[in-house]
Protein chains: 2
Amino acid sequence: MALLIDVKHPDWMRDEDLRNELLRHYPEADIRIGDHPGNPDEIEMLTVSTYLPGEALRYPNLKLIQKTGAGVNNILGDLNLPQSIQVTRLRTDTSGGEMAEYALAYVLQEQRHMREYRDLQSRSKWKAFPPRRAADTTVAILGLGRIGQLVAQRFVDNQFKVVGWSRNLRHLPGVDCYDGADGLLRLLQQSDYAVSVLPSTTQTLGMFNYGLFKNFNARTIFINVGRGDLVNEPDLIQALDDGLLAGAILDVMSVEPLPADNPLWLHAKIQLTPHISGYHLGDAIVDIAENFRRLQSGDSLLHLVDRAQGY
Amino acid sequence: MALLIDVKHPDWMRDEDLRNELLRHYPEADIRIGDHPGNPDEIEMLTVSTYLPGEALRYPNLKLIQKTGAGVNNILGDLNLPQSIQVTRLRTDTSGGEMAEYALAYVLQEQRHMREYRDLQSRSKWKAFPPRRAADTTVAILGLGRIGQLVAQRFVDNQFKVVGWSRNLRHLPGVDCYDGADGLLRLLQQSDYAVSVLPSTTQTLGMFNYGLFKNFNARTIFINVGRGDLVNEPDLIQALDDGLLAGAILDVMSVEPLPADNPLWLHAKIQLTPHISGYHLGDAIVDIAENFRRLQSGDSLLHLVDRAQGY
């Protein structure tokens, strides 16, 4: 029984490096890497960041696909994925904390007019703008799972007014919570910033379309650190051009890396980063080795995905 | 008995606006503004942001100078200031919190490579850098008075390693504290960021000179949200050019507004903002009206400055 690591994201993490890390926790394991999988019949667990359609079928005895992160929609969306294959994801406390930090960093950049000051400095020009006070600023968090809770708490800790939305109503300290379609509209109308950490499911795919942007208010800045395919990108551009919202900060896009000729790159109201908001796995990496051990012993797996629910 | 408001900083706060605010708290007060002081003999309290040398001598019966902020070095440095005149400053919870937020915002900008991503976006280029982890980053706070404590706590709340330095040793939760000349050097050597909120006193004036920058480490970014005259600016430029430290983020300078031909403006390793890190007075404004009332009733004043100590 072997674990195959095929991350397919060498700029982020090389298969060899992850293999070495896992061997520290499980030295006797048979762990292989994407370039040298050996006999495919021996692969019972596959660890990926990017999952390719049909990939599971290469390994006739595959029992488990372990994602090196939280989002499993590409795996579950594979129509050829046998029902018998289980899917697990990772704890996201480290990367979720980094996503919260990213959202805070970009919100503070806007609150403190940092881009304007950089331009003024290049012209040797002294001109002050009042910083916008956190206590007078409402940040909406869309999606209140583990990552959303970390993001919400980070803004609470930094003295912002925080509102949150989730499919099923949550109760979080310091956060005014909403649910349902009506709740989403009421939340968007009061938001200065709207941060999406929603998962990609059949219900959320493409949900940020022109119709929803009509319910934003004109001052809102939309921040997407969740999943790129939730956003209808041509609609986002049209909505920005029409002044339905003030700006967008996108760490995720529907196609990554974003092609150089994509109009998102040079839009004046869009700031882009290359999917780096949550970067480090931290201690969560140990759970990959632990899941390989449990798969062999038959124990229940860590962070098992409900394939019907989608996360 | 009259209170004269002469802020001399109209872009920040107009005298009339402050007068109206104070009258809300003390409607029957005789409050005048810089353009219309009336009979100078009647002025017993003067409220300023910028204090001009000799200004106190214009008002023969002046008893109290109230600063609209924390820094009183220009007032105390006036050799013509009669010993009988008391000096008070303001509580700085609101502006101190804003200074903490400013320091955090600029630190996060560096941690998250935000300037690099902005440049990459302008070239439609997808390239990721690992964000630097807060837990692996040491922020040094120089000056642990009320503002310094707010700054230190903000970085603790955002998961940074925090060290602090003050003239007399302090004990703060979550902060590794140092004092004395040796302590300063030990602190600087381990700092990724060094944030100064030190007051301007005879002991701190010009302390950030080439000799001290030699004790920085090459990766340190120096952030000054305190007082501009603590920095020997030609020495700072030389130290940056010599690679003694990695960069400087300056919200305060020795001359403000900074003249357009000053070399600080266009130095590649310097980021400048126009003294806006702490901007709002918040509730502290009430204490100006209260001090005018106490001056008249003979009660002890709020936030009285020890003129010998300098703050």
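All of these numbers come straight from a predicted model, not from anything done at the bench. (Residues numbered from 1 in each chain as written. Chains lettered and ligands numbered in written order. Predicted model: local features only at pLDDT ≥ 70, side-chain atom pairs only at ≥ 80, totals over all residues. Heavy atoms only, no water.)

Chemist: Can you help me understand the relation of the copies chain B and chain A in this one?
Modeler: Two chain copies, one operation linking them: a rotation about an axis together with a shift along it. Superposing chain B onto chain A takes a rotation of 180° combined with a translation of 0.0 Å along the rotation axis, leaving an RMSD of 0.1 Å. When the rotation and shift are considered jointly, the pair of chain copies conforms to a two-fold rotation axis. For chain B, the residue whose C-alpha comes nearest the rotation axis is A105 of chain B, separated from it by 3.0 Å. Interface overlap between copies: 100% of the residues of chain B at the interface are likewise at the interface in chain A, consistent with a symmetric, same-surface contact. (Least-squares fit on C-alpha atoms with pLDDT ≥ 70 in both. Contact = heavy atoms within 4.5 Å.)

Chemist: Would you mind going over the pattern of salt bridges with me for this structure?
Modeler: Working definition: two side chains of opposite charge can pair if their charged atoms are close together. Residues and elements named next belong to chain A. What the rule picks out here adds up to 34 salt bridges over all chains. With a closest N to O distance of 3.2 Å, E16 and R14 form a salt bridge. Look at E16 and you get partly exposed, because its relative accessible area is 33%. On the basis of relative accessible area, R14 is assigned to the partly exposed category, the value being 40%. (Salt bridge = Lys/Arg side-chain N within 4 Å of Asp/Glu carboxyl O. Buried < 20%, exposed > 50% of the residue type's maximum accessible area, 1.4 Å probe, protein only.)

Chemist: It is not clear to me how the domain arrangement of chain A should be interpreted in this structure. Could you clarify?
Modeler: A common measure of how large an interface is: the accessible area buried when the components associate. Residues and elements named next belong to chain A. As far as domains go, chain A holds domain 1 (2–92 + 281–297) and domain 2 (93–272). On a C-alpha basis, the centres of domain 1 and domain 2 stand 32 Å from each other. Facing 9 residues of domain 1, the contacting portion of domain 2 comprises 11 residues. Summed over both partners, the interface of domain 1 with domain 2 buries about 660 Å², with 41% contributed by carbon and sulfur atoms. (Domains from an automatic or database assignment. Buried area = accessible area lost by both parts, 1.4 Å probe.)

Chemist: Looking at this structure, how should I read the nonpolar core?
Modeler: As a rule of thumb, soluble globular proteins bury nonpolar side chains together. Core analysis: the biggest nonpolar cluster contains 68 residues, and I141 and F155 of chain A together with I141 and F155 of chain B have the highest contact counts within it. Ignoring any residue separated from it by four or fewer positions in sequence, one finds I141 of chain B in contact with G148, V151, A152, F155, V162, V163, G164, W165, V195 and V197 of chain B. (Core = buried A, V, L, I, M, F, W, Y, C linked by side-chain atoms within 4.5 Å.)

Chemist: Just to check I follow, could you spell out the sheet that holds strand β8 (residues 175–179) of chain B for this structure?
Modeler: Pairing between sheet strands relies on hydrogen bonds along the backbone, with the strands arranged either parallel or antiparallel. All names here are of chain B. The sheet built from 7 strands is open, its strands ordered β8-β7-β6-β9-β10-β11-β12 with parallel pairing. Each having just a single partner strand, β8 and β12 (270–272) make up the two edges of the open sheet. Put simply, the sheet's adjacent strands are angled 15° from each other on average, direction ignored. Bridge analysis of strand β6 (residues 138–142) against strand β7 (residues 161–166) gives 5 bridges, and the strand direction is parallel. Looking at β7, one finds that A140 is bridged to V163. Sheet contacts for helix α8 (residues 233–241): β11 (247–250) and β12; angle to β11, the most-contacted strand, approximately 145°. (Pairing = 2+ DSSP bridges. Helix = DSSP H or I, 4+ residues; strand = E, 2+ residues; numbered from the N terminus. Axes fitted to C-alpha atoms, helices over the stretch in contact; angles between N-to-C directions.)

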